Amino acid sequence: MRFAEHWNWCTVETIRDVTPQIREFRLRPDSGGVPPCPAGSHIGVNVLIDGQPARRSYSLVETNDPSTYRIAVRLAPDSRGGSRGMWSLRAGARIETSNPTSLLDIDWTRQNYCLIAGGIGITPIMAIAAALRRTNIDPTLHYAVKSRGDAAFLDELSAMLGDRLIMHTSDEGARIDLDATFRALPDDAIAVICGPMRMLEAARRAWNDSGRAPADLRYETFGSSGLMPTAEFRVRLKDTDTELVVPQNSSMLDALNAAGFEVISDCQRGECGVCAVDVVAVDGEIDHRDVFFSDQQKRDNRKICPCVSRAIGAITIDTLYRPEAA
Ligand SMILES: Cc1cc2nc3c(=O)[nH]c(=O)nc-3n(C[C@H](O)[C@H](O)[C@H](O)COP(=O)(O)OP(=O)(O)OC[C@H]3O[C@@H](n4cnc5c(N)ncnc54)[C@H](O)[C@@H]3O)c2cc1C
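Structure report, in brief.

Rules of the game
- Residues numbered from 1 in each chain as written.
- Predicted model: local features only at pLDDT ≥ 70, side-chain atom pairs only at ≥ 80, totals over all residues.
- Heavy atoms only, no water.
- Helix = DSSP H or I, 4+ residues; strand = E, 2+ residues; numbered from the N terminus.
- Rg over C-alpha atoms; globule rule 2.2 N^0.38 Å.
- Buried < 20%, exposed > 50% of the residue type's maximum accessible area, 1.4 Å probe, protein only.
- Near = heavy atom within 4 Å.
- Polar contact = N/O pair within 3.5 Å; in protein donor to acceptor, adjacent residues only side chain to side chain.
- Nonpolar A, V, L, I, M, F, W, Y, C, P; charged D, E, K, R; others polar.
- Salt bridge = Lys/Arg side-chain N within 4 Å of Asp/Glu carboxyl O.
- Pairing = 2+ DSSP bridges.

## Focus: the overall build of the protein chain
Within the protein chain, the regular secondary structure consists of seven helices and 16 strands. Its C-alpha radius of gyration of 20 Å places the protein chain within 12% of the 20 Å reference for a compact globule of 326 residues. Over its C-alpha atoms, taken along the principal directions, the protein chain stretches across nearly 60 × 50 × 35 Å. Here the protein chain holds 326 residues, and the buried ones make up 48% of them.

The following block contains the structure:
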């Protein structure tokens, strides 16, 4: 764990639907206020899934009320149930949250910022846009959604950014042209992006093709839904007789650790690569859901990030875990 976490109780103060699929919550911490944190930070939330506590993260949405956390939660239909747990909350409910942290590590000293949000990825991006506006920097914000009705906080964003808010609505045939967008940026620009996996991968490719410094593309994933269905699959451990079944509602990392094959991990979102293990054989197909490996490494299928990535069928791996050495 990278940060010392402090957990506090909050009261759900207000709840409001900002789109049919996105619900806004204002949470009042018992501690009396929101600790200082960089724009783009998120909090951990203890949420109940079928009565069992689980942890989910939610980015802090821009607010001018320093005494409440403002978050927005998209109801994820094909999920383990964390967002459903959040949606079941009512005003007055008590909920435990961790102190805010940011993994985006943004360089705030630049003059030019290109912000890109896909769907619910608008939550940290809106906070970053507001922070830049407060320092008199005019970022451009590209906001990609399936349809206009899916766009959260449009009024606030328009008031904040005017014509620097550029909507890309796929059911109106408007898709963001990442190559052209990045080509047109001044040399000192950095891009900050939060959105679905396909968008992040496309952005990473376009950014690299534009010859820009990789570190000038900052991104955050919300945990990946991958390119294939989330289904049960099998994992065989090299040089053992062990075959594990990874259920639909568990990660491969959790399944390995639960079976005693210890794999160290950090971000658990497929960003840091700490949990990567060797793939020895694939009997089916791997769905690489990380943003750590390059496209070529994913095609090579020699490593997998078990925190997020999955398979269809079976794979054989070597975790390098040797019980006799433990
Ligand atoms: C830093 C950060 C900030 C975030 N900010 C926000 C925010 O502002 N708003 C917001 O709505 N969400 C945010 N999220 C996502 C949020 O934490 C939850 O992941 C989200 O609410 C979905 O939770 P869930 O339990 O309903 O779905 P999950 O079970 O977590 O499922 C999410 C997706 O993963 C896939 N999936 C399902 N089961 C598995 C499995 N066993 N292994 C791997 N993948 C699986 C599903 O296809 C699904 O689409 C953020 C996440 C992070 C890490």
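Additional details are given in the paragraphs that follow.
## Notes on the site of the ligand
Around the ligand, a shell composed of 30 residues is seen, among which Arg56, Ser57, Tyr58, Arg80 and Gly82 lie nearest. Within the contact set of the ligand, a nitrogen atom lies 2.8 Å away from a backbone nitrogen or oxygen of Ala72. Interatomic distance of 3.3 Å between a side-chain N/O atom of Thr230 and an oxygen atom of the ligand. Those elements that place two or more of their residues in the shell around the ligand are strand E4 (52-59), strand E5 (69-74) and helix H1 (82-87). Take the shell around the ligand: its biggest share by element is four residues, from E4. The class makeup of the residues in the shell around the ligand is six nonpolar, 16 polar and eight charged.

## Details of the environment of Asp177
Its location among the elements puts Asp177 in the loop between strand E9 (165-169) and helix H4 (178-183). On the basis of relative accessibility, which here comes to 43%, the residue Asp177 falls in the partly exposed class. Taking the C-alpha atoms as reference points, Asp177 and Gly273, 96 residues apart in sequence, are found 29 Å from one another.

## Topic: the pattern of salt bridges
Applying the stated criterion across every chain yields a total of 22 salt bridges. In this structure, Lys298 and Glu201 form a salt bridge, with 2.3 Å as the shortest nitrogen-oxygen distance. Note that Lys298 is positioned in helix H7 (residues 295-300) and Glu201 in helix H5 (residues 197-209), a separation of 97 residues in sequence. On the basis of relative accessibility, which here comes to 10%, the residue Lys298 falls in the buried class. Looking at Glu201, the relative accessible area reads 13%, which means it is buried. Of the charged contacts, one joins Asp239 and Lys238 as a salt bridge, the two residues approaching to 3.8 Å between their closest N and O atoms. Under the relative-accessibility criterion, Asp239 is labelled exposed at 68%. Look at Lys238 and you get partly exposed, because its relative accessible area is 36%.

## Things to note about the pairing of E4
Two faces, one strand: in a regular strand the side chains alternate between the faces of the sheet. Note: strand E3 (residues 42-49) against E4, eight bridges, orientation antiparallel. Its bridge partner being in E4, Val47 is matched across the sheet by Ala54. Count of turn residues in the E3/E4 antiparallel hairpin: two residues, of which Asp50 carries a positive phi of about 50°.

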